[in-house]
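# Remarks on the overall topology
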Amino acid sequence: MTDTAPRRRARAQRPPTIIDVAEHAGVSRGTVSRVLQGGHNVSPAAREAVDAAIRKLGYVVNRAARSLVTQRAGSVAFLLSETQDRLFADPNFTTLLTGCTTALGEHDIPLILITAGTDAERRRILPFLSAHHVDGVLLISSHRGNPMIEHLRRANLPFVCCGKPLGERGTLSYVASDDLEGARTMVRHLIESGRRRVATIAGPQDMPGGLERLQGYREMLAEHGIAYDKRLVTTGDYSRASGEACMQQLLATAKDIDAVFVASDLMADGALAAIERAGLRVPDDIAVGGFDDSPAATAVHPPLTTIRQPWSRISEMMVRQLLAQIAGEGPATVILPTELVVRESA
């Protein structure tokens, strides 16, 4: 059929369709559809022609129509099992959110942010998740007994945990840093730099990082023949305020400490404030080591010696595992190595 001027004007007045893309690229509608779904069984030349047509015409995928065909929502949830204020207070969460958004963007999949830190929030989101309005969930900050894990299982919704789930039966997908070895590395660094009264501000004991970082601290003391002293151990909740309060407690009960391993950079920020207020110097009087290598590590004074978690890699692996589950693969687990970053605090 001749492409008459009225027909061209009519096409210009509406959004381009998959038919327009196919005509412009000189391929079938099926080929365009396969390119949009990942390019499987499409020649490089055909894919290049389709991509060029999409760019020239400004074609935008109709996600609602695609969902009717694929029976998928075409989106993924970033589900944070913390209250909303923690999302903005803890830089680790925003780092993960950015990394997951970037990783999913490479697959043209949007990310939906959901918080589920209270019973009310969980009640609101359960119908949404159970109806499969997302294809899968990236579950962030999972405490022991997190009810969202069972809800996601019942909904038969693919999910991947950030961190090793505690107390769960059966195989679950998760991506975690090697918290145990990271803690051992930091405590070893403090001891081998000449410190003997090494305290710790541990993380929550209902979370894998809190448990394993405390275990690593204890193991490294034992390996160096240093007796474990419970007076040198306090527990925070990963917030700056808890780190400051815990450091005040340590300074009041154990005045001879010469180093402290803090289970998160944000708590270490609070610990530094408490040490300064007590008139002590870092690292001269007390060396301070953190964990995460979050933006807080370089924002504090002095800059923080810490354990670097591979945040970009964690995000990439979580997204990769989730997409594999959505495609029908089984659960998998990944534990990634950490790295000691030496700065001025220890």
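All of these numbers come straight from a predicted model, not from anything done at the bench.

With that out of the way, let us pick up the sheet that holds strand β11 (residues 333-336). Spatial ordering of the open sheet is given by β2-β1-β3-β4-β5-β11, a layout of 6 strands whose pairing is parallel. The open sheet terminates on both sides in strands that have one partner only, identified here as β2 (111-115) and β11. Averaged over all neighbouring strand pairs, the angle between strand axes comes to 20°, with direction disregarded. Bridge count between strand β3 (residues 137-140) and strand β4 (residues 159-162): 4 bridges; the pairing is parallel. Residue Leu138 lies in a different strand from β4, and its bridge partner there is Val160. The strands touched by helix α8 (residues 119-130) are β1 (76-80), β2 and β3; relative to β2, the strand with the most contacts, the crossing angle is about 145°.

The parallel open sheet is built from 4 strands, whose spatial order is β7-β6-β8-β9. The open sheet terminates on both sides in strands that have one partner only, identified here as β7 (233-235) and β9 (287-289). Direction aside, the axes of adjacent strands within the sheet are offset by 15° on average. Two elements, strand β8 (residues 259-262) and β9, share 3 bridges in a ladder whose sense is parallel. Within β9, the position partnered with Phe261 by the bridge is Gly289.

This model, assessed by the stated rule, comprises 19 salt bridges. Between Arg154 and Glu150 there is a salt bridge, with the nearest N and O atoms lying 3.5 Å from each other. A residue pair is termed a helical-turn pair when its members lie 3 or 4 positions apart in one helix, as Arg154 and Glu150 do in helix α9 (residues 147-154) at 4 residues. Residue classification places Glu150 among the partly exposed positions, given a relative accessible area of 36%. Taking the shortest distance from any N to any O, the salt bridge between Arg197 and Asp256 comes out at 3.0 Å. Of this pair, Arg197 sits in the loop between α10 (179-192) and β6 (198-202) while Asp256 is found in the loop between α12 (240-253) and β8, placing the two residues 59 residues apart along the sequence. A relative accessible area of 24% places Arg197 in the partly exposed class. We classify Asp256 as partly exposed; its relative accessible area is 45%.

What follows covers helix α7 (residues 91-105). The first and last C-alpha atoms of α7 sit 21 Å apart over 15 residues, in line with the 21 Å expected at 1.5 Å per residue. Taken residue by residue, α7 has Pro91, Asn92, Phe93, Leu96, Leu97, Gly99, Cys100, Ala103 and Leu104 as its buried positions. Between the side-chain oxygen of the N-cap and the backbone nitrogen of Asn92 there are 2.9 Å, and the N-cap of α7 in question is Asp90.

The next point concerns unusual backbone geometry. With glycine set apart, most residues show a phi of negative sign, and most peptide bonds adopt trans. The peptide bond linking Val282 to Pro283 adopts the cis configuration, its omega dihedral lying at 5°. Note that Pro283 resides in the loop between α13 (265-277) and β9. Omega for the bond connecting His301 with Pro302 falls within 30 degrees of zero, at -5°, which places this linkage in the cis form. With respect to the element layout, Pro302 can be found in the loop between α14 (296-299) and β10 (306-308).

Below, the discussion takes up α9. Of all the residues in α9, the buried ones are Met148, Ile149 and Leu152. When α9 is viewed along its axis, its buried side chains cluster within an angular range of 105° and face the same direction. Elements in contact with the buried residues of α9: β1, α8, β3 and β4. The opening residue of α9 is Asn146, an N-cap whose side-chain oxygen sits 3.0 Å from the backbone nitrogen of Met148. Backbone geometry just after α9 places Asn156 at a positive phi near 55°.

One pair of aromatic rings is described through two measures. These are the centre distance and the angle between the planes. Scanning all chains against the criterion turns up 1 aromatic pair. Relative to Phe291, the ring of Phe261 has its centre 6.5 Å away and its plane inclined at 50°; by these criteria the two rings are tilted. With Phe261 in strand β8 and Phe291 in the loop between β9 and α14, this pair connects stretches of sequence that are 30 residues apart. The pair formed by Phe261 and Phe291 is uniform in burial state, with each residue classed as buried. Note that Arg213 overlies the ring of Phe291, its terminal NZ or CZ placed 3.8 Å from the centroid. Here Arg218 stacks its cationic end above the ring of Tyr228, 3.7 Å away from the centre of that ring.

Calculation criteria
Residues numbered from 1 in each chain as written. Predicted model: local features only at pLDDT ≥ 70, side-chain atom pairs only at ≥ 80, totals over all residues. Heavy atoms only, no water. Pairing = 2+ DSSP bridges. Helix = DSSP H or I, 4+ residues; strand = E, 2+ residues; numbered from the N terminus. Axes fitted to C-alpha atoms, helices over the stretch in contact; angles between N-to-C directions. Contact = heavy atoms within 4.5 Å. Salt bridge = Lys/Arg side-chain N within 4 Å of Asp/Glu carboxyl O. Buried < 20%, exposed > 50% of the residue type's maximum accessible area, 1.4 Å probe, protein only. Expected span 1.5 Å × (residues − 1). Polar contact = N/O pair within 3.5 Å; in protein donor to acceptor, adjacent residues only side chain to side chain. Arc of directions from axis to C-beta. Phe/Tyr/Trp six-rings, centres within 6.5 Å; stacked < 30°, edge-to-face > 60°. Lys NZ or Arg CZ within 6 Å of the ring centre and 35° of its normal.

So yeah, pure geometry; function would need other evidence.
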